[in-house]
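Now for the letters of each chain:
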Amino acid sequence: MTLSHGALLYEGKAKRVYAVDQDDRVLVEYKNDATAFNALKREQIEDKGRLNCQISARLFEVLERDGIPTHYLGLVDETWMAVQKVEVIPLEVVLRNVATGSLCKQTPIAPGTSLEPALLDLYYKDDAFGDPLLTEARLELLQLVTAEQRVAIERLARHVNAALVPFFRSLDLQLVDFKLELGCNTAGELVVADEISPDTCRLWDLRTTDPQERILDKDRFRQDLGGVIEAYGEVCKRVQGACPNPRNCG
Ligand code: TMP
Ligand code: ASP
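Trainee: Sorry, what's going on with the overall build of the protein chain here?
Mentor: Along its length, the protein chain carries six helices and 13 strands. A compact globule built from 250 residues would reach a C-alpha radius of gyration of about 18 Å, and the protein chain, at 17 Å, matches this within 12%. The C-alpha extent of the protein chain, read off along each of the three principal axes, is 50 × 45 × 35 Å. Taking all 250 residues of the protein chain together, 50% fall into the buried category. Pairs at least 24 apart in sequence give 59% of the contacts found in the protein chain among residues at least 6 apart. Each charge sign in the protein chain was given a centre, from 30 positive and 40 negative side chains, and these centres are 2 Å apart.

The following block contains the structure:
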């Protein structure tokens, strides 16, 4: 494929970021690489990049319609999107509506417990340290964000949850939990960055009650359940049905 872009600026586990002519934007290429457990488990999953790019684009547009600022500008190609250049805050913001995953490994909270209000956890985004869970005191000690930014981050993350829960529910999907990354764009505005996809969300299919069958996210890869791409494809099909014409910036 011929797509014009500048230098590779950054390569992460699931995406590459390239420069373009305009200083305030970059292009993101979604890769087929799947990783889990801080990349101890790795695989190439054919078509994952395209599905995550297509799902993310539409979810960013859902947020935008709710007045939530994101870095998303538009799709450029099947696996590429244009986004605002942002300085990513090295935090992983996790919102949990239902207890599962690491929460149930690290605490006695029973799997499936409904969490209202959603539990918000902040993790320090640094693979070298294994993305550790932060306490308020450690967050303050690290001085990663100001007290005002901390409040703005929580408000934004809860707004994202409030927008996505009913959207997914309308597609018979339960948003169990998800991870967000936030950044500051060149105008200094706090925006939702990175991606929102089955790689970063737990999504359960409300059309089945089978505890394994209902999993339509990266837990299928983490737990070796098989059918990873079929699950992502199902999420994409439902999201595309609700948002058939995403913005193109090609
Ligand atoms: P956890 O239960 O493993 O802490 O995961 C919480 C949510 O965060 C879940 O939706 C998956 C997502 N997540 C990521 O996007 N990246 C990660 O590295 C991890 C550990 C979780
Ligand atoms: N971000 C994690 C990793 O690759 C994967 C995960 O569990 O989502 O290492």
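Trainee: Just checking my understanding: could you explain the site of ligand 1 for this structure?
Mentor: Among the 13 residues in the neighbourhood of ligand 1, the closest are listed as Arg96, Ser102, Asp177, Lys179 and Arg202. In the environment of ligand 1, an oxygen atom lies 2.6 Å from a nitrogen or oxygen atom belonging to the side chain of Ser102. Breaking the shell around ligand 1 down by element, the ones donating at least two residues are β9 (91-98), β11 (173-185) and β13 (201-205). When residues in the shell around ligand 1 are grouped by element, the largest group, three residues, is from β11.

Trainee: In this structure, what is going on with unusual backbone geometry? I would like to understand it.
Mentor: Residues other than glycine predominantly adopt negative phi, and peptide bonds predominantly adopt the trans conformation. Following Glu116, the chain continues to Pro117 via a peptide bond in cis, the omega torsion being 0°. The topology assignment puts Pro117 in strand β10 (residues 114-124). Phi is positive for Ala39, which is not a glycine, with a value near 70°. Residue position: Ala39 is located in the loop between β4 (33-36) and β5 (41-44).

Trainee: Got a minute to help me understand the side chain of Arg202 in this structure?
Mentor: Tracing the chain through its elements places Arg202 in strand β13. Here Arg202 falls in the buried class, since its relative accessible area comes to 13%. One polar contact links Arg202 to Asp177, side chain to side chain, over a distance of 2.7 Å. Polar contacts involving the side chain of Arg202 include one to the side chain of Asp219, which spans 2.6 Å. Apart from the residues within four sequence positions on either side, Arg202 is in contact with Arg96, Thr100, Gly101, Gln174, Leu175, Val176, Asp177, Asp217, Asp219 and Arg222.

Conventions we followed
Each chain carries its own residue numbering, running from 1 in the written order of its sequence. Each chain is given a letter, starting from A, and each ligand a number, starting from 1, according to the order in which they appear as written. Note on the predicted model: pLDDT of at least 70 is required for a residue's local features to be given, and 80 or more for side-chain atom pairs to be given and counted; whole-chain, interface and lining totals, by contrast, use all residues. To obtain the side-chain values, all non-hydrogen atoms of the structure were used and water was disregarded. Runs of H or I in DSSP of at least four residues are treated as helices and runs of E of at least two as strands, each being numbered from the N terminus. Only C-alpha atoms enter the radius of gyration; for comparison, a globular chain is expected to reach 2.2 Å times N to the power 0.38, where N is the number of residues. The buried label goes to any residue with under 20% of its type's maximum accessible area, the exposed label to any with over 50%, and the partly exposed label to all in between, with areas taken from a 1.4 Å probe on protein chains only. Note on contacts: a residue pair is in contact if any heavy atoms of the two residues lie within 4.5 Å. Positive charges come from Lys and Arg alone, negative charges from Asp and Glu alone, with His and the N- and C-terminal ends not counted. Every charge is mapped to an atom, namely NZ of Lys, CZ of Arg, CG of Asp or CD of Glu. Near residues are defined by distance, with any heavy atom within 4 Å of the molecule or strand qualifying the residue. The definition of a polar contact used here is a pair of N or O atoms within 3.5 Å, where within protein one atom must be able to donate a hydrogen and the other to accept one, and adjacent residues in sequence count solely through side-chain atom pairs.

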